[in-house]
Every structure is written in C-alpha cells, then in structure tokens.
Protein chains: 2
Amino acid sequence: MSVEDRFSAALHNTARMWRLALDRRLRDLGVSQAGWVSIAYIAKTQGPLSQGELANLVQVEAATMVSTIDRLEKAGLVLRVASESDRRVKHVVLTPAGEVLYGKVRARADEMRRDILGHIEPEKLAMTADILENIQALIETP
Amino acid sequence: MSVEDRFSAALHNTARMWRLALDRRLRDLGVSQAGWVSIAYIAKTQGPLSQGELANLVQVEAATMVSTIDRLEKAGLVLRVASESDRRVKHVVLTPAGEVLYGKVRARADEMRRDILGHIEPEKLAMTADILENIQALIETP
DNA sequence: ATCTAATACTTAGAAGTCTAACCATTTACG
DNA sequence: CGTAAATGGTTAGACTTCTAAGTATTAGAT
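Remember, it's a predicted structure, so these values are computed and weren't measured experimentally. (Residues numbered from 1 in each chain as written. Chains lettered and ligands numbered in written order. Predicted model: local features only at pLDDT ≥ 70, side-chain atom pairs only at ≥ 80, totals over all residues. Heavy atoms only, no water.)

K.L.:
Requested: an account of the overall build of chain A, with residues and values cited.
P.N.:
Within chain A one finds 6 helices and 2 strands. Starting at the N terminus and walking to the C terminus, you meet the elements of chain A as α-α-α-α-β-β-α-α. The 142 residues of chain A split such that 40% are buried. A separation threshold of at least 6 residues defines the contact pool for chain A, and within that pool the share at least 24 residues apart is 49%. Treating the 19 positive side-chain charges of chain A as one cloud and the 19 negative ones as another, the clouds have centres 7 Å apart. (Helix = DSSP H or I, 4+ residues; strand = E, 2+ residues; numbered from the N terminus. Buried < 20%, exposed > 50% of the residue type's maximum accessible area, 1.4 Å probe, protein only. Contact = heavy atoms within 4.5 Å. Lys, Arg positive; Asp, Glu negative; His and termini not counted. Charge placed at Lys NZ, Arg CZ, Asp CG, Glu CD.)

See the structure below:
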C-alpha cells in the first residue's frame, strides 16, 4: 500500500468514525446530525442568515437544507422569517428551545473533542490541519 | 478558534471535498460511490466474501449493504452466490462486467490521488496518516 | 418600461445510511 | 438431545443528500 493509498483511507475512515462517534454522543438529544450542525451555524452567525447562506455554511445543496429546516421548524427549534428587503429570501432563526439545544450540543462536542484530541500534541494537530487545508485548496483548483 | 476546532473542521471538510471530487470523476461510469467502493473491496478480496463481511469492509451496516448489492446485481456487476457450508450466508462475486468497471474505477481514483497528493511530500502524508490512524484508535477506545 | 438572466426556495425522485424488528439457520450450553 | 443465544440476510421507515425542474422575485441590459 502506497503512502497515498494509506493517507486517503485514513482520511476517509477517520472522518467517518468521528462523525459516528459524535452522533452517538448526541443521539439522546433527538436531533439528527444535519439538524445540530445547522443549529450550530445559526447560533454562531451574527445577524440574519438566509436558507441559502446556511446551506453554504453547512456545505449542502439548497434543496437539502429545505427539508432539514422543515424538520427543525416542526420540532420547534427554528423559525423561518421572511426577509423585508427581498421577497425571495427567508431567514432562519433559533427559537429559545433551539438556543437551549445548541448549548447542549456544543458542550458535548467540546467534550468529545477534548477526550480524543486531548491526547495529541497541539503542534501535531496544527500541522495536520495545515496539510488538510492545503489539500482542500488543491481539490478546489481544477 | 482553537486548534482542536480547526482540526475537526479540517478533517470533516477535507474528507467531504475529497469524496465529492472523486464522485465527480466517476460520475460517468454510472455507478454510485457506495457501489464502486463495494466493487473495489470485492475485487481486492481473495476467496469468498459474504455480504456481512463486505459490509464490515465498507464500514456500513448489513442492512445498508443489502440494497447496495441489490442495485449492483441489477446492474449486472455482481452476483449473489449461496454458501455451501452455511445456508444463511451469501457470497458476493464480481461479474466480468464488474471486473471491467473495477479497472476503470481504480485507474481514475489513482489518477486523482496523484493529481492532488502529488503536490505534497510523502513524509508529510505519512505523518498525517499516522496521526489520523492514532485518532481512530482513540475513538475506538471508549 | 420591457425583457432576459440570475437568484432563492421548493418539489420530486433516486440513492444511501441507520435502527429496529423479523425469519431462518447455526452455535453454544445444560 | 433440546433450548437459548447468536448470526446472516432482509424489510420497513425516518433521515440525508443530490440532481433536475419549477415558481416567484430580483438584477441587469436595452
């Protein structure tokens, strides 16, 4: 197995295992991953956030974000608010219940991050992040 | 943003971008990612491979693998073969068409790997893979 | 002012993923 | 040997994701 093979397998497998591990920690909150990722971005964004902007932040298609927001709205965690300056646009805001949930999500994600990454030197993490970000730039350059 | 935050975001985003980039390169082959990943593992495995074993290799649930194999079988790329030693078990084998497809998939994946990772020193890749594999081990240890 | 192009959100449908539950078969144990 | 537990594959349903196509609105050009 070449180093490239090994690297791409490690990337894929680690990302997947991370996601599944976090899913398990958040399962009892009753919100899916797509849900809490979206909630987190809404909470962290200052000012109005449109559905399309949220989809970009979460890196999914606009169509995907529609049903995610539908479910969150139905669960009473977010609201759609019509924009006053552009009638095509709807903003997404957290409800108080959504704020509470975000607090829990953040605490658990932080905890898991500490549990796992706390065993690795910060310089190594920084260097790995550098390389991964470099790869992102390479992927984005056709 | 802490280095841990930065790292976990980089992991998630890089893995996702890699996957989407590879998807784009393989799109015209008419087989999905789940399909060609499964085909690759079948091709690379010596001897009989059961559905459950394949699911483990691909890291999905057995139930997920059922429909993936259904679709590949329907496309004439794999066959289910009953096991002679255990009546519960079905083995999955590639058809000749499946073998041909695997050759194409491998060539393109290799090409993409070279295109992207060819710009990065192998020592850096090896070191990153080490760290990622270390993280996998940490995730697996509850 | 009018028309075309672009944008924002929505719907539909196929594929992919998981959990839970099920049936048939095999294994383990008393 | 008989029974309980474990295993392998399957089905059902909710969620997730994408592409394609559609409607309403806005931006830009003439």
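Here the narrative resumes, following the displayed structure.
K.L.:
Kindly report on the relation of the copies chain B and chain A, identifying the contributing residues and their values.
P.N.:
When chain B is brought onto chain A, the operation consists of a screw motion whose angular component is 179° and whose axial shift is 0.0 Å, with 0.1 Å RMSD remaining. Such values leave the two copies arranged in the relation of a two-fold axis. Minimal C-alpha distance to the rotation axis in chain B is attained by Thr 128 of chain B, lying at 2.9 Å. The residues that chain B uses at the interface reappear at the interface of chain A in 100% of cases, marking a shared surface. (Least-squares fit on C-alpha atoms with pLDDT ≥ 70 in both.)

K.L.:
Which residues make up the environment of Leu 77 of chain B, and what are the values?
P.N.:
Residue and element names in this part refer to chain B. Position of Leu 77 among the secondary structure elements: in the loop between helix 4 (62–74) and strand 1 (78–82). Judged by relative accessible area, Leu 77 falls into the buried class, the value being 8%. Each C-alpha atom of the pair Leu 77 and Val 100 lies 9.2 Å from the other, and the pair is 23 residues apart in sequence. The contacts of Leu 77, once residues within four sequence positions are left out, are Val 31, Ile 39, Leu 72, Val 93, Leu 94, Thr 95, Ala 97, Gly 98 and Leu 101.

K.L.:
Requested: an account of the interface of chain B and chain A, with residues and values cited.
P.N.:
Every contact between the two is made by 39 residues of chain B and, on the other side, 39 residues of chain A. Between chain B and chain A lies a buried interface of about 4300 Å² when both sides are counted; carbon and sulfur atoms form 71% of it. When residues of chain B are sorted by the area they lose upon contact with chain A, Met 17, Gln 59 and Ile 139 of chain B head the list and together hold 15% of the total. Along the contact surface separating chain B from chain A lie 6 salt bridges. Here Arg 6 of chain B and Glu 133 of chain A are joined by a salt bridge, their closest N and O atoms 3.1 Å apart. Where the side of chain B that touches chain A is concerned, the elements lending two or more residues are helix 1 (3–26), helix 5 (96–117) and helix 6 (122–140) of chain B. Across the side of chain B that touches chain A, the residue classes break down as 22 nonpolar, 8 polar and 9 charged. (Buried area = accessible area lost by both parts, 1.4 Å probe. Salt bridge = Lys/Arg side-chain N within 4 Å of Asp/Glu carboxyl O. Nonpolar A, V, L, I, M, F, W, Y, C, P; charged D, E, K, R; others polar.)

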